[in-house]
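One letter stands for each residue in the lines below.
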Amino acid sequence: MDSSTLPAQPQVLLIMLSADLSGRMGRDLVEAGYEVVTAPSIDAGLEQARRLKPALIVVDRLLGNDSGLAVCQRLRSAGLFNPILLCMARDTLEDRIACLESGADDYCLKPYRAESFLNIVQAYLKPGEVVAEQLRFGELTLDLGNRTAIRNHRIIDLTMKEFELLRYLMEHPREVLTREQILENVWGYDFMGESNVIEVYVRYLRLKIDSDHDKRLIQTVRGVGYVLRES
């Protein structure tokens, strides 16, 4: 096959001050078939993210005097909705919630372990089929191809996890979904038994899709879970 016809490798941007950590991650990513760009400073990382729009961004939570949480927030505020992984040293519920509230989609843990890190990367960058399908619920449309929602002609950008949560709700309209069902189908391996992450993401989705409307589509069923319905 002519090299000009080969599919482009997914590009991963590493924003971290530790040359050792970024070097190890970078080598493993290249061996796994990804293109790697490293940014040794926050400003360089933000500039590279805006210019390159990589398929995935990995941010170290510890960035000198600054926090990786703030960097994730700045990336989202800049209109970048590609997946973000936050590299964290602790795995408490509070850290997970802080990760999600910053706008990151997921996290990887330090000390660095290549196998678990690459498994998470693969989960976000696995090849997908070309999709031209839409899900509809009342005045809300979810475009599965470009991962955006539309309500009353207003386009709503979603992070990957926001998209997956809304997709799951829209695939089961008017069906009460338990927290356990949502955790298993949207977060899977990682968050079983800790439903607080759902509340965080439901709050974000409501702010995005319900903020300008009288009807709240994502409704809480106290003590059970959530349901997508109009009344």
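The structure this text deals with has already been given above.
Residues numbered from 1 in each chain as written. Predicted model: local features only at pLDDT ≥ 70, side-chain atom pairs only at ≥ 80, totals over all residues. Heavy atoms only, no water.

Draft legend 1. Spotlight on the pattern of salt bridges. Summed over all chains, the structure comprises 13 salt bridges. Note that Asp20 is salt-bridged to Arg24, the shortest N-O span being 3.9 Å. Taken together, the residues span about one helical turn, with Asp20 and Arg24 both in helix H1 (residues 19-31) at a distance of four residues. Salt bridges linked by common partners bring Arg61, Arg90 and Asp95 together as one network. (Salt bridge = Lys/Arg side-chain N within 4 Å of Asp/Glu carboxyl O. Helix = DSSP H or I, 4+ residues; strand = E, 2+ residues; numbered from the N terminus.)

Draft legend 2. How the structure looks around helix H4 (residues 93-101). Inspection of H4 places Asp95, Arg96, Ile97, Cys99 and Leu100 among the buried residues, and these make up the whole buried set. Here the buried face of H4 lies against helix H3 (68-77), strand E6 (84-88), strand E7 (106-109) and helix H8 (196-209). Positive backbone phi, at 105°, marks Gly103, one or two positions downstream of H4. (Buried < 20%, exposed > 50% of the residue type's maximum accessible area, 1.4 Å probe, protein only. Contact = heavy atoms within 4.5 Å.)

Draft legend 3. View of the environment of Thr141. Within the secondary structure layout, Thr141 lies in strand E9 (residues 140-143). Here Thr141 falls in the buried class, since its relative accessible area comes to 9%. Between the C-alpha atoms of Thr141 and Ile156, which are 15 residues apart in sequence, the distance is 10.0 Å. Non-local contacts of Thr141, meaning those with residues more than four positions away in its chain, are made with Gln134, Leu135, Arg136, Thr148, Ala149, Ile150 and Met170.

Draft legend 4. Spotlight on unusual backbone geometry. Residue Lys110 is joined to Pro111 through a cis peptide bond whose omega torsion reads 5°. Within the fold, Pro111 resides in the loop between E7 and helix H5 (114-125). Despite not being glycine, Lys53 shows a phi value in the positive range, around 50°. Along the chain, the position of Lys53 falls in the loop between helix H2 (42-52) and strand E3 (56-60). What makes Lys53 exposed here is its relative accessible area of 58%. Look at His153: it is not a glycine, yet its phi comes out positive at around 70°.

Draft legend 5. Quick peek at the sheet that holds strand E2 (residues 35-39). Reading across the sheet, the five strands line up as E2-E1-E3-E6-E7 and stay open at both edges, with parallel pairing between neighbours. Strand pairing shows two members of the sheet lacking a second neighbour, E2 and E7, which therefore form its edges. Taking each pair of neighbouring strands and ignoring which way they run, the sheet shows an average axis angle of 25°. As paired strands, strand E1 (residues 11-15) and E2 are joined by five bridges and run parallel to one another. When the sheet's bridge partners are listed, Gln11 is paired in E2 with Glu35. Sitting on the sheet, H1 is in contact with E1, E2, E3, E6 and E7, with an inclination near 170° to E1. Running over the sheet, H4 touches E6 and E7 and is turned about 150° from E6. (Pairing = 2+ DSSP bridges. Axes fitted to C-alpha atoms, helices over the stretch in contact; angles between N-to-C directions.)

Draft legend 6. Broad picture of the packing of helix H7 (residues 179-187) against H8. For the pair H7 and H8, interaxial distance at closest approach is 10 Å and the crossing angle is 80°. Regarding the angle of H7 to H8, the classification is roughly perpendicular. Contacts between H7 and H8 pair Arg179, Ile182, Leu183 and Trp187 from the former with Val197, Ile198, Glu199 and Tyr201 from the latter. Among the residues making up the contact of H7 with H8, the classes are represented as six nonpolar, no polar and two charged. (Parallel < 35°, antiparallel > 145°, perpendicular 65-115°, else oblique. Nonpolar A, V, L, I, M, F, W, Y, C, P; charged D, E, K, R; others polar.)

Draft legend 7. Region of interest: the sheet that holds E9. Here four strands make up an open sheet; going across it, the order is E8-E9-E10-E11 and the pairing antiparallel. The open sheet is flanked by strand E8 (134-137) and strand E11 (154-157), the only strands paired with a single partner. The mean angle between the axes of side-by-side strands here comes to 20°, regardless of whether they run parallel or antiparallel. With four bridges connecting them, strand E10 (residues 148-151) and E11 associate as antiparallel partners.

Draft legend 8. Spotlight on the pairing of E10. Where E9 and E10 come together, four bridges link them in antiparallel fashion. Residue pairing for E10: Leu140 is matched across the bridge by Arg151. Here E9 folds back onto E10, and the loop between the two strands holds four residues, one of which, Arg147, carries a positive phi near 60°. From the end of E10 to the start of E11, which pair antiparallel, there are two residues, and Asn152 there has a positive phi angle of about 50°.

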